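Overview (structure and organization)
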Amino acid sequence: MENNKNTVNCFKCKHLIITWDTKFPKACGLFKFKSAQMPSAVIFGNSGIPCEGFELKT
């Protein structure tokens with residue numbers, strides 16, 4: 001978790017994808033969307049709950 005208890009650190013998640021798209025450089029492979037923000041922040045902003053798809057990278 002990051003400083004905010006409601007967000008997940010996507011950099012530690014195996015589903016984070018860094019794209020070549022300059023407008024949408026971050027993507028979630030699990031939920032299949034690209035964003036300018038961290039995917040966990042988008043999920044929390046839209047649903048009001050922390051991302052439940054987080055899986056720690058190995």
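Residues numbered from 1 in each chain as written. Predicted model: local features only at pLDDT ≥ 70, side-chain atom pairs only at ≥ 80, totals over all residues. Heavy atoms only, no water.

1. What to know about the environment of His15
Tracing the backbone through its elements, the reader meets His15 in the segment before β1 (16–18). For His15 and Gly53, which are 38 residues apart along the polypeptide, the C-alpha to C-alpha distance reads 8.3 Å. With near-sequence residues (within four places) excluded, His15 lies in contact with Ala27, Cys28, Gly29, Leu30, Gly53 and Glu55. At 3.1 Å, the side chain of His15 and the side chain of Glu55 are in polar contact. (Helix = DSSP H or I, 4+ residues; strand = E, 2+ residues; numbered from the N terminus. Contact = heavy atoms within 4.5 Å. Polar contact = N/O pair within 3.5 Å; in protein donor to acceptor, adjacent residues only side chain to side chain.)

2. Let's talk about the state of the cysteines
Within this structure, the stated rule accounts for zero disulfides. The thiol sulfur of Cys10 is not disulfide-bonded, and the nearest other cysteine sulfur, from Cys13, lies at 6.3 Å. (Disulfide = S-S within 2.5 Å.)

3. A few points about the confidence of the model for the protein
Predicted confidence across the protein gives a mean pLDDT of 90, with 90% of residues reaching 70 or more. Ranking the elements of the protein by mean pLDDT puts helix α1 (residues 39–47) last with 94 and strand β2 (residues 26–28) first with 97. (pLDDT = per-residue confidence, 0-100.)

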